[in-house]
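Working through the structure, step by step
Below, each chain spelled out in residue letters.
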Amino acid sequence: MSAGVLGSLEAGHTSSVRLRVNGEWYELSLDNRVALLDVLREGLGLTGSKKGCDHGQCGACTVLVDGRRVNSCLLLAVALDGARVTTVEGLGEGDGLHPVQDAFLDRDAFQCGYCTSGQICSTVGVLEEAAQGYPSAATDPDHPAGEPVPLTGDEIRERLSGNLCRCGAYPNIVDAVRDLS
């Protein structure tokens, strides 16, 4: 990591961090103030996650940390020592695409593509959350606790509401997620 890319490397301002990114371990010396998104993009060259708003409001930077979807622009990398990070680049097996990536392609669930990596990573998280029975604001209050939550259109829209698409590909995104549930 270069000092210019990831902040000041003055004594007392850095920490050693181990991250497993897309299945590969990295030993990093990081400025204590650097966000995970900047480590991924500038430090590791994984540019699939995008810097949109840099305030956690658009979801373009969404990645999976220990299997949970997160806004990587809001997380300090030093707080993730030992964590497993999966970016859009790490979802598929070998040269094959992840089923969510295939569904987005099949449904043409993108236009400009800027938000697509965040939408895809968020969808992977949504599918797991629903399968494990985690409710959302749209989940029927009478739904049995701990049972898988059916992904209706309203449920999908609620769960993906933190991922914005300026092109308006929402109907196709919802269809792609519905195809997977």
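Notes on the structure in this doc start here. As the structure is a computational prediction, the values presented were derived from the model and not from experiment.

1. Focus: the pairing of strand β4 (residues 68–71)
- Across four bridges, the pairing between strand β3 (residues 62–65) and β4 is antiparallel. Directly across from L64, in β4, lies its bridge partner R69.
- Taking the residues that link successive antiparallel strands as the turn, the β3-β4 hairpin has two residues, and the phi of D66 there is positive, at about 50 degrees.

2. With respect to the nonpolar core
- Counting residues in hydrophobic clusters, the biggest one holds 23 residues, and the most contacted among them are L91, F104 and I173.
- If you tally residues by element for this core, the top one is helix α4 (residues 116–131), at five residues.
- With 18 residues, the next largest nonpolar core counts L30, V34, L36 and L40 among its residues.

3. A short note on the packing of helix α3 (residues 99–106) against α4
- Remark: α3 packs on α4, axes separated minimally by 9 Å, with the N-to-C direction vectors making an angle of 125 degrees. Our classification of the angle between α3 and α4 gives oblique. Of the two possible hands of crossing, α3 and α4 adopt the one that is right-handed. For the pair formed by α3 and α4, the contact residues are V100, Q101 and F104 on the first element and T116, Q119, I120, T123, V124 and L127 on the second.
- The residue makeup of the contact of α3 with α4, split by class, is five nonpolar, four polar and no charged.

4. Some remarks on the packing of aromatic side chains
- Applying the stated criterion to the full structure yields zero aromatic pairs.
- The ring of W25 has R18 lying over it, and the distance from NZ or CZ to the ring centre is 4.1 Å.
- One cation-aromatic arrangement involves R68 over Y134; the distance from NZ or CZ to the ring centre is 5.3 Å.

5. Some remarks on the side chain of T116
- By the element assignment, T116 lies in helix α4.
- The exposure class assigned to T116 is buried, which follows from its relative accessible area of 13%.
- When near neighbours in sequence (up to four residues on either side) are disregarded, T116 contacts F104 and F110.

6. A look at the packing of α4 against helix α6 (residues 170–180)
- Two numbers describe how α4 lies on α6: the axes approach to 11 Å, and their chain directions differ by 35 degrees. For α4 against α6, the interelement crossing comes out right-handed. The segment α4 lies against α6, with Q119, T123 and L127 engaging I173, V177 and L180.
- Residue composition of the contact of α4 with α6, by class: four nonpolar, two polar and no charged.

Cut-off values and rules
- Residues numbered from 1 in each chain as written.
- Predicted model: local features only at pLDDT ≥ 70, side-chain atom pairs only at ≥ 80, totals over all residues.
- Heavy atoms only, no water.
- Pairing = 2+ DSSP bridges.
- Helix = DSSP H or I, 4+ residues; strand = E, 2+ residues; numbered from the N terminus.
- Core = buried A, V, L, I, M, F, W, Y, C linked by side-chain atoms within 4.5 Å.
- Buried < 20%, exposed > 50% of the residue type's maximum accessible area, 1.4 Å probe, protein only.
- Axes fitted to C-alpha atoms, helices over the stretch in contact; angles between N-to-C directions.
- Parallel < 35°, antiparallel > 145°, perpendicular 65-115°, else oblique.
- Left-handed = near helix turned anticlockwise from the far one by under 90°.
- Contact = heavy atoms within 4.5 Å.
- Nonpolar A, V, L, I, M, F, W, Y, C, P; charged D, E, K, R; others polar.
- Phe/Tyr/Trp six-rings, centres within 6.5 Å; stacked < 30°, edge-to-face > 60°.
- Lys NZ or Arg CZ within 6 Å of the ring centre and 35° of its normal.

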